[in-house]
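In case you want the letters, here they are:
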Amino acid sequence: MGITEAITIGQELYSPKYKKNGKYVCDTYTVLDFLYESGVKCLILIEQNYAKPKKPFIYSIGDVLGGFYFQDYEVRNCDFANSERVRWFKEHQLSQGQCNSIQLKKKLSYEKVLSKTNHKYKFSKLLFQRPNGIRLYLNGLLHSEIKALSAEFGFHLSSAYRILNIYLAFGECRDSFIPLYKNIGKFRSIAKNAIEAKKKFSKGLGRPPMSYKEKRRVVNQQDEINVSHFIKRIKRQSSLSILCDEFNQRFAVSEQANREIDYSKLLTLGQFRRLYYKLVTKAEHRKRIFGAKEFNNSYATRTSTSRSGLSCVSERYEIDSTTIDAYVVSEFNFKAVPRLTLYFVIDVFSSCIVGFYLTHLGQSEESFRMALFNSFVEKSALCKKHNVEYKDGDWPCHHVCRELVFDRGTELKKRNIESMIDGDIGIKTVSLPTAYFGKGKGTVEGAFRCFKDDFAKRLESFVDKNGPKAFQHASRKASLTLKDLNRLIIEWIIKRNSTADVSKKLDKAMMIADVDPTPVAIWNYSLNSVVNELPQCTPQKIMEAILPLITAKVGKGGVEIKRKCGVRKVVSLVYQTDCIDFEKFRMETAQNNHEKVVEIEVKYNPSCADKIWYRGSHSKGKLIEFVLDEKYCKFEGADQFDLSLFAQKERVKKSKQNFDKSLANANFAKSIKVAEDGNKKSFVPKSMAKSCVKDTKSNVEEDKKNEVNSNAKKVCSLIDQIEGDE
């Protein structure tokens, strides 16, 4: 089969590339129909030239076409639906549901182009819907109809022929009339500087100015260089209008006293915007405005989910805290107190809330530990403590996670993290996402949003930050105490775990097993299907693992730690133990204390100073207890607030004592001076000698006799008083 038999109507012929006006181009023709003239097969072709469309013509196979033979042409299937013009048009079409200013301009442009396109398409369709319409048009038999129809549609006759030629050349469809707006200025060379631009474009570019007073000019390559240098030196990111003003102030305004404007360097806002976005993408611009963290948190695309890489529950927990948007009252005087801090621990695989802690202490290490402790133990005791009715299976989450995710806050220090992992309770790794990056803990952040919408907003004391100003402040409406709120939160968690819709967490196996799309159902299904038993620990071992570490010094007096209790406030505490093995180690340490100070890591309770604990080589791996030394019994039962108060009182007392001591020393020195000066004036003779006084022993004989007689009289007097009393 020859090449002519392989060609079908609607295909395109591409010529080899050739040089024209210094550029390589190729001619493209659309095949409209076949016909035979004098027994020779011919093609009805039309050139694809949107700028200067031409009428169809008859081409005989074997003749030269555009300087090339037919065999040199490449035959392709038409791809009008995927052309640049059509893709540009579809991009405008996708903006119909948007509402920002840029998309609104695209929408208006799209509606205008669509109206014109439909009008031209309807005109062309009416002419070529008859049989052999293309051949009649080729032979000039439709001239009268075109003239009449063009007058009816409001087209000039030359415009009508242009429309028909474009219709035939570009696929005979509505998309044929999409304009080449995308190519405006695409192939125009940019002048090097303002002088060259003025010569090259003496009448300017684009739409003429609305007022003759407006000074307009053409952007050149030097402007692009200036904008590039300006962008590198931006110290603070602002709106584009402010940046444009700063640019003109730097480059277009003279530094002399008259402050004249150089219009050859002045850029309008539109010109500056186009050059700015040519050098800076919109994503980079948003990063400059909001910062990298806020951009990644709010605007960056999502590449994965928090559940990626997980196969069952209890593999990864997320923990975070928030301030509740509601006020409560004190349990003692029923007056409003500052808003509470709520910790949530959530299982990423099932979205089940496995633990919580509500506290007055804010974000603290102790609150963090208590939230973890509540997550790893049975919930029946917690529910009983807060008078919540509990049934088996209501809250079946008492397993230790393998990975713990929390942000880079101040709640947990590095060595306490290592101590928690070394505690061998089941935690193998800890992940620290970027600070202030909500997507790094998306599951727990979603739980906080659900808590606010479903729980906090129901309270009378809810703080509506986005609503209108209330008649009465929310703290005036507070009536719940910490105990009440704990009970209600437990009831809400049990309800939420059993009713929340987490259908996106279901996988194929769960769908086959007909698992309900709730957190508890997914949790129970995963527990029953997991091969290995999930880690569980006793409350005692969990508490030991999550207690914080502190460095202690081993010395003669005991084991000393320094507890921080506020800003620049430190209290030293000394402890003793009755462990024989550790006491032997301390004895050896005391004998060699001149060599170096021996330090150990001990566990302590921030809420009480009574005891510390140690487990290590010096106790043969046993957990031993230390109690406060007798000298520090005043600190028994003291919590962090008491220690802070004691430290403050000691600082005040020490300051007062130092002042009294300085005053007493000054008075005493004054008394010495008065006594010495008095004797020198009355009795002691003046002497200019420098050597020691001779015969000091013979000089003191009378003083000794006087002292002995004085003591004898004192003894006799006291004894005589005793005899008289008897």
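Definitions and limits used
- Residues numbered from 1 in each chain as written.
- Predicted model: local features only at pLDDT ≥ 70, side-chain atom pairs only at ≥ 80, totals over all residues.
- Heavy atoms only, no water.
- Helix = DSSP H or I, 4+ residues; strand = E, 2+ residues; numbered from the N terminus.
- Buried < 20%, exposed > 50% of the residue type's maximum accessible area, 1.4 Å probe, protein only.
- Contact = heavy atoms within 4.5 Å.
- Areas by Shrake-Rupley, 256 points an atom, 1.4 Å probe, with all protein chains shown as cover.
- Core = buried A, V, L, I, M, F, W, Y, C linked by side-chain atoms within 4.5 Å.
- Phe/Tyr/Trp six-rings, centres within 6.5 Å; stacked < 30°, edge-to-face > 60°.
- Lys NZ or Arg CZ within 6 Å of the ring centre and 35° of its normal.
- Pairing = 2+ DSSP bridges.
- Axes fitted to C-alpha atoms, helices over the stretch in contact; angles between N-to-C directions.
- Patch = residues over 30% accessible without salt bridge, like charges linked within 9 Å, V, L, I, M, F, W, Y side chains within 5 Å.
- Salt bridge = Lys/Arg side-chain N within 4 Å of Asp/Glu carboxyl O.
- Arc of directions from axis to C-beta.
- Left-handed = near helix turned anticlockwise from the far one by under 90°.
- Polar contact = N/O pair within 3.5 Å; in protein donor to acceptor, adjacent residues only side chain to side chain.
- pLDDT = per-residue confidence, 0-100.

Turning to the overall build of the chain, a few remarks are in order. A count of helices and strands for the chain gives 24 helices and 20 strands. Put simply, the chain has 726 residues, and 37% of those count as buried. Long-range pairs, those at least 24 residues apart, make up 61% of the contacts in the chain between residues at least 6 apart in sequence. Total accessible area on the chain is roughly 45,900 Å²; 52% of this is exposed by carbon and sulfur atoms.

In terms of nonpolar packing, the biggest core is built from 68 residues, with Phe344 and Phe356 touching the most fellow members. Listed in part, the 28 residues of the second largest apolar core include Phe123, Phe128, Leu138 and Tyr161.

In the structure shown here, the tally under the stated rule is 31 aromatic pairs. With a centroid separation of 5.9 Å and 10 degrees between ring planes, the pair formed by Phe128 and Tyr167 is classed as stacked. Residue Phe128 is located in helix α3 (residues 101-128), and its partner Tyr167 is located in helix α6 (residues 157-169); the two are separated by 39 residues in the primary sequence. With respect to class, Phe128 is no different from Tyr167; both count as buried. Taking 6.3 Å as the distance between ring centres and 10 degrees as the angle between the ring planes, the aromatic pair formed by Phe344 and Trp492 counts as stacked. Taken together, the residues span a long stretch of sequence, with Phe344 in strand β11 (residues 341-347) and Trp492 in helix α17 (residues 482-499) at a distance of 148 residues. Each residue in the set Tyr121, Phe128, Tyr137, Tyr161, Tyr167 and Phe177 is aromatic and connected to the rest through ring pairs, giving one cluster. Seen from the ring of Trp395, Lys379 lies directly overhead, with NZ or CZ sitting 5.4 Å from the centre.

A few words on the sheet that holds strand β7 (residues 74-76). If you walk across this open sheet you meet the 5 strands as β6-β5-β4-β1-β7, and the pairing is antiparallel. Each edge of the sheet is formed by a strand with only one pairing partner; in this case those strands are β6 (57-60) and β7. Direction aside, neighbouring strands of the sheet carry axes that sit 45 degrees apart on average. Pairing of strand β4 (residues 28-37) with strand β5 (residues 40-47), which is carried by 8 bridges, proceeds in the antiparallel orientation. By the bridge assignment for β5, Asp33 is matched with Ile44. Strands in contact with α6 are β4 and β5; relative to β5, the strand with the most contacts, it is inclined by about 115 degrees.

Turning next to a nonpolar patch on the surface. On the surface, a nonpolar cluster with roughly 260 Å² of combined accessible area is contributed by Ile289, Phe290 and Tyr299. Residue position: Phe290 is located in helix α11 (residues 282-290). Here Phe290 falls in the partly exposed class, since its relative accessible area comes to 39%.

Take helix α20 (residues 539-546) next. The complete set of buried residues in α20 reads Ile542, Ala545 and Ile546. Buried positions in α20, seen along its axis, are confined to an arc of 85 degrees and lie on one side of it.

The next thing to look at is the sheet that holds strand β12 (residues 353-359). Pairing in this open sheet of 5 strands is mixed, and the strands run β12-β11-β8-β13-β14 from one edge to the other. Here the strands that pair on one side only, and so sit at the sheet edges, are β12 and β14 (429-431). For this sheet the average axis-to-axis angle between neighbouring strands, irrespective of direction, equals 20 degrees. In terms of strand pairing, strand β8 (residues 316-323) meets β11 through 7 bridges, oriented antiparallel. Bridging from a neighbouring strand, Ile319 pairs with Val345 of β11.

The element β12 is extensively covered by neighbouring structure, given that 6 of its 7 residues are classed as buried. Where β11 meets β12, 6 bridges bridge the pair, whose relative direction is antiparallel. Bridging across to β12, Val345 finds its partner in Gly355. Between β11 and the antiparallel strand that follows it, β12, lie 5 residues; Ser351 among them carries a positive phi value of about 65 degrees.

To continue, consider the packing of helix α8 (residues 221-232) against helix α10 (residues 269-279). Packing of α8 against α10 brings their axes to within 10 Å, and their N-to-C directions diverge by 65 degrees. As for how α8 packs across α10, the hand of that crossing is right-handed. Judged by residue contacts, Asp223, Glu224, Val227, Ser228, Phe230 and Ile231 of α8 engage Phe272, Leu275, Tyr276, Lys278 and Leu279 from α10.

Moving on: the side chain of Asp33. Here Asp33 shows up in strand β4. Looking at Asp33, the relative accessible area reads 18%, which means it is buried. At a separation of 3.3 Å, a polar atom in the side chain of Asp33 contacts the side chain of Arg135.

Of the residues in the chain, 85% have a pLDDT of 70 or more, and the chain-wide mean is 81. When the elements of the chain are averaged for pLDDT, helix α1 (residues 3-6) gives the smallest value, 58, and α17 the largest, 93.

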